[in-house]
Amino acid sequence: MDELSAAYRTCRRINALHGRSFYRATSLLPPGRRPHIWALYAVARRSDDLVDAPAAGTDPAKSLRQWESEVMRAVSGGSEPTDPVLRALRHTVRIYDIRPRLFAEFFESMRRDLTTTRYATWDDLRTYMRGSAAVIGEMTAPILGSGPPGLPYAAALGEAFQLTNFIRDIAEDWQRGRIYLPLEDFRTAGCTEDDLGTCVATGTSSPALRRLVAFEIARARTLYDAAQPGLAEVDTVVRPCLRTAFGLYSEILREIERRDFEVCRGRVVVPAARRAVVLSRSLAGGRPWRSTSATTRW
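Residues numbered from 1 in each chain as written. Predicted model: local features only at pLDDT ≥ 70, side-chain atom pairs only at ≥ 80, totals over all residues. Heavy atoms only, no water.

## What to know about the overall build of the protein chain
Point 1. Along the protein chain, the regular secondary structure elements total 14 helices and zero strands.
Point 2. Listing every helix and strand of the protein chain by position from the N terminus yields α-α-α-α-α-α-α-α-α-α-α-α-α-α.
Point 3. What you see for the protein chain is a C-alpha radius of gyration of 19 Å, in line with the 19 Å of a compact globule of 298 residues.
Point 4. Seen through its principal axes, the protein chain has C-alpha atoms that stretch 55 × 50 × 30 Å.
Point 5. Within the span of the protein chain, comprising 298 residues, buried residues form 52% of the whole.
Point 6. Long-range contacts, defined as pairs at least 24 residues apart, comprise 71% of the intrachain contacts of the protein chain with a sequence gap of at least 6.
Point 7. In the form shown here, the protein chain has an accessible surface area of approximately 13000 Å², with 52% of it arising from carbon and sulfur atoms. (Helix = DSSP H or I, 4+ residues; strand = E, 2+ residues; numbered from the N terminus. Rg over C-alpha atoms; globule rule 2.2 N^0.38 Å. Buried < 20%, exposed > 50% of the residue type's maximum accessible area, 1.4 Å probe, protein only. Contact = heavy atoms within 4.5 Å. Areas by Shrake-Rupley, 256 points an atom, 1.4 Å probe, with all protein chains shown as cover.)

Structure, rendered in structure tokens:
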């Protein structure tokens, strides 16, 4: 048990270091449930790092295949892992009966990140997000006390969080050679890839890029709205955590709006004072996020 506790502490450190908004929200979970969320986060984070920040001299595809094999062995009843993250994951999957198929879907999208740098349509991106975000929501659902009726809401929330990240990180992703937002939306907004490159280089978003960002923010809010009924599907004791997660991620969108849809002048960060307001409203049982109402700039 000491080894297992140490394994979960490793997962907590990974979460605290890399997922600040997410970690703040999970701190509101009952103590017995937090470690299981941290375990899922640690696996997802390590997978992302193998793709986005591979160690010098390594083959990302080979490293990801090896990691996928180890994860699938851990969640499918193989021998006891020695890696602390996998040890914690194995325990979490057993406790909450999380389906191994969800991890297989997750790695399918991770592999796509090694070969796909553009998504032509929203449907194309949604297919990718199924494995990279929606299944994460479904993995966490039983930990939060949600049964099968809550899975569509959990999936929508995972997609809402990821689309929020794509909007905020459009400049960083461009510098990695990737564009996640659909190219069909670029065309509709009158923004080209060259325009985006110029915006990133100058640190100033063009009117066309701002139109694109405004549209994607409105789309993200439809996902938050679609996920909102899921609050009634989880245990009462975890609702403050979920409301806080809704609020903190939604505040990223609001901060972008406050900056007049500027996304190329450094990473958008929500000020501490507003994070405190979100937390206060969440604990009071309020709705600390904005519904679909932003005016798009088409």
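## Re the packing of aromatic side chains
Point 1. Per the stated rule, a full pass over the model turns up ten aromatic pairs.
Point 2. Their ring planes at 75 degrees and their centres at 5.2 Å tell us that Phe106 and Phe107 sit as a pair that is edge-to-face.
Point 3. On the basis of relative accessible area, Phe106 is assigned to the buried category, the value being 3%.
Point 4. Residue Phe107 is classed as buried on the basis of its relative accessible area, which comes to 0%.
Point 5. Relative to Tyr180, the ring of Tyr119 has its centre 6.1 Å away and its plane inclined at 15 degrees; by these criteria the two rings are stacked. One end of the pair, Tyr119, is in the loop between helix H6 (100-112) and helix H7 (122-140); the other, Tyr180, is in the loop between helix H9 (170-175) and helix H10 (183-189), and 61 residues separate them in sequence. Here Tyr119 and Tyr180 have matching classes, each one buried.
Point 6. Ring pairing ties together the aromatic residues Tyr119, Tyr128, Phe166 and Tyr180, which thus form one cluster.
Point 7. A cation over an aromatic ring shows up here: Arg219 above the ring of Trp122, its NZ or CZ 4.1 Å from the ring centre. (Phe/Tyr/Trp six-rings, centres within 6.5 Å; stacked < 30°, edge-to-face > 60°. Lys NZ or Arg CZ within 6 Å of the ring centre and 35° of its normal.)

## Considerations on helix H11 (residues 193-202)
Point 1. Buried within H11 are the following residues: Leu196, Gly197, Cys199 and Val200. The buried side chains of H11 occupy one side of the element, clustering within an arc of 160 degrees when seen end-on. Within H11, the exposed residues directed more than 90 degrees away from the buried face are Asp194, Ala201 and Thr202.
Point 2. Those residues of H11 that are buried lie in contact with H9, H10 and helix H12 (207-227). (Arc of directions from axis to C-beta.)

## What about the confidence of the model for the protein chain?
Point 1. When the pLDDT values of the protein chain are averaged, the result is 93; 95% of them are 70 or greater.
Point 2. Predicted confidence for residues 293-298 stays below pLDDT 50, and this span has 14 contacts to residues more than four positions away or in other chains. (pLDDT = per-residue confidence, 0-100.)

## Some thoughts on empty space enclosed by the protein
Point 1. Going through the model one piece at a time under the given rule, you end up with two cavities of 30 Å³ or more.
Point 2. Empty space within the largest cavity amounts to approximately 40 Å³.
Point 3. A total of three residues in the lining of the largest cavity trace back to one element, the largest contributor, which is H9.
Point 4. Its residues assigned to classes, the lining of the largest cavity shows six nonpolar, no polar and two charged.
Point 5. Volume-wise, the second largest cavity comes out at about 40 Å³.
Point 6. Of all the secondary structure elements, the ones that give two or more residues to the lining of the second largest cavity are helix H3 (34-52), H6 and H7.
Point 7. Considering each element in turn, the lining of the second largest cavity owes the most residues, three residues, to H3.
Point 8. Partitioned by chemical class, the residues of the lining of the second largest cavity number seven nonpolar, no polar and no charged. (1 Å grid on protein atoms, 1.4 Å probe; cavity = no way out; pocket = protein on both sides within 12 Å on 5 of 7 lines; lining within 4 Å. Points joined across faces, edges and corners; volume = space filled by probe spheres on them. Nonpolar A, V, L, I, M, F, W, Y, C, P; charged D, E, K, R; others polar.)

## Some remarks on the environment of Val75
Point 1. With respect to the element layout, Val75 can be found in helix H4 (residues 60-75).
Point 2. For Val75, a relative accessible area of 7% corresponds to the buried category.
Point 3. Separated by 112 residues in sequence, Val75 and Arg187 place their C-alpha atoms 42 Å apart.
Point 4. Discounting residues that sit within four places of it in the chain, Val75 has contacts with Leu89, Val93, Pro100 and Phe103.

## Focus: the state of the cysteines
Point 1. Taken as a whole, this structure holds zero disulfides when the rule is applied.
Point 2. Distance from the sulfur of Cys241, which forms no disulfide, to the nearest cysteine sulfur (Cys11) is 17 Å.
Point 3. For Cys241, a relative accessible area of 6% gives the class buried. (Disulfide = S-S within 2.5 Å.)

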